[in-house]
Amino acid sequence: MVREILIWPDPRLKEKAAPVARFDAELKKLVDDMAETMYSADGVGLAAPQVGVLQRIIIIDVSPREEGGKLTAFINPEIVESDGEMIYKEGCLSIPGEYEDVKRFARVKVRYQDVDGRTQEIEAADSLLAVALQHEIDHLDGTLMVDKISTLKRELIKKRMKKIKLERERERADALRSPPAL
Ligand code: QAP
Ligand code: CO
């Protein structure tokens, strides 16, 4: 099931997400929904708070178009090692149409649990995966890429997002007024 992706600004995107304690069927269903939502929006990464679920879950697939593109779910992820610096032009499914340079670590080691609760580690350097891990883990602490750019740029983006939200509300109201014929 595709879920609705929250558009920034939204108070839920600023909250700190809670650790996952139960590795059950409900968690797997949420991860499935997040994957469907991310692929339908042409994304490479998505964090649970972006679909309004304040739990420490992220998914990443840095090659979604490739045959056997590999989706990974990271539960309770934490950066345990980092070094270096890189700048990457990032986007975010909660900030559609906007791309900004953000400074990140060049290398990170991330400890996480898989959907079965087993502890895993992954290392990534100078890559889309390295950026995606940092971007998505930030979401779990209520930090978005717009928190890492200038105030001026942030305010301009905020105006454009408010327009997009209004448009979407109007579309929704129109759809309710004249539902598609079956
Ligand atoms: C986070 O971002 C990320 O504006 C995931 O119109 C950022 O998947 C990972 C997207 C940088 C690695 C590097 C954004 C799709 C997707 C848009 C995304 C849009 C359509 C963003
Ligand atoms: Co994002």
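Structural data are supplied above this passage.
Residues numbered from 1 in each chain as written. Chains lettered and ligands numbered in written order. Predicted model: local features only at pLDDT ≥ 70, side-chain atom pairs only at ≥ 80, totals over all residues. Heavy atoms only, no water.

Asks: Just give me the short version of the overall build of the chain, but keep the residues and values in it.
Replies: Assigned secondary structure in the chain consists of three helices and seven strands. Across the chain, helices and strands are ordered from the amino to the carboxyl terminus as α-β-β-β-β-β-β-β-α-α. Taking 182 residues into account, the globule formula puts the C-alpha radius of gyration at 16 Å, and the chain, at 17 Å, falls close to it. Each principal axis of the C-alpha distribution contributes one length, and for the chain these read about 50 × 45 × 35 Å. Here the chain holds 182 residues, and 40% of them are scored as buried. For the chain, the accessible surface area stands at approximately 10,400 Å², while carbon and sulfur atoms represent 51% of it. Put simply, the chain has 30 plus and 34 minus side-chain charges, and the middle of one group is 5 Å from the middle of the other. (Helix = DSSP H or I, 4+ residues; strand = E, 2+ residues; numbered from the N terminus. Rg over C-alpha atoms; globule rule 2.2 N^0.38 Å. Buried < 20%, exposed > 50% of the residue type's maximum accessible area, 1.4 Å probe, protein only. Areas by Shrake-Rupley, 256 points an atom, 1.4 Å probe, with all protein chains shown as cover. Lys, Arg positive; Asp, Glu negative; His and termini not counted. Charge placed at Lys NZ, Arg CZ, Asp CG, Glu CD.)

Asks: Residues and numbers for the pairing of strand β3 (residues 72-83), please.
Replies: Note that strand β2 (residues 57-60) and β3 share four bridges and pair antiparallel. Bridging across to β3, Ile58 finds its partner in Phe74. Pairing between β3 and strand β6 (residues 107-113): six bridges, direction antiparallel. Bridge assignment links Asp83 to a residue of β6, and that residue is Arg107. (Pairing = 2+ DSSP bridges.)

Asks: Give me the lowdown on the layout of surface pockets, citing residues and values where you can.
Replies: Taken as a whole, the largest pocket holds about 440 Å³ of empty space. Lining the largest pocket are 24 residues, with Gly43, Val44, Gly91, Cys92 and Leu93 sitting closest to its centre. Looking at the lining of the largest pocket, the elements with two or more residues in it are β4 (86-90) and α2 (128-140). Among the elements that take part in the lining of the largest pocket, α2 stands out by supplying five residues, more than any other. Its residues assigned to classes, the lining of the largest pocket comprises 13 nonpolar, six polar and five charged. (1 Å grid on protein atoms, 1.4 Å probe; cavity = no way out; pocket = protein on both sides within 12 Å on 5 of 7 lines; lining within 4 Å. Points joined across faces, edges and corners; volume = space filled by probe spheres on them. Nonpolar A, V, L, I, M, F, W, Y, C, P; charged D, E, K, R; others polar.)

Asks: Before we move on, could you go through the pattern of salt bridges and cite the residues and values that matter?
Replies: Should the charged atoms of two oppositely charged side chains come close, the side chains can pair. If you walk through the whole model with that rule in mind, you get 25 salt bridges. Taking the shortest distance from any N to any O, the salt bridge between Arg12 and Asp10 comes out at 3.0 Å. A relative accessible area of 39% places Arg12 in the partly exposed class. Taking the shortest distance from any N to any O, the salt bridge between Lys29 and Asp33 comes out at 2.9 Å. (Salt bridge = Lys/Arg side-chain N within 4 Å of Asp/Glu carboxyl O.)

Asks: Break down the site of ligand 1 for me, citing the residues and quoting the values.
Replies: Every one of the 20 residues lining ligand 1 counts as a neighbour, but Gly43, Val44, Gly97, Tyr99 and Glu136 are closest to it. With respect to ligand 1, the backbone of Gly97 contributes an N or O atom lying 2.7 Å from an oxygen atom. Here ligand 1 loses 84% of its free accessible area of 510 Å² to cover by the protein chains. Taken atom by atom, the bulk of ligand 1 overlaps the largest pocket. The set of elements that each furnish at least two residues to the shell around ligand 1 consists of β4 and α2. Taken together, the residues that form the shell around ligand 1 break down as 11 nonpolar, five polar and four charged. (Near = heavy atom within 4 Å. Polar contact = N/O pair within 3.5 Å; in protein donor to acceptor, adjacent residues only side chain to side chain. Sits in = over half its atoms within 2 Å of the grid points.)

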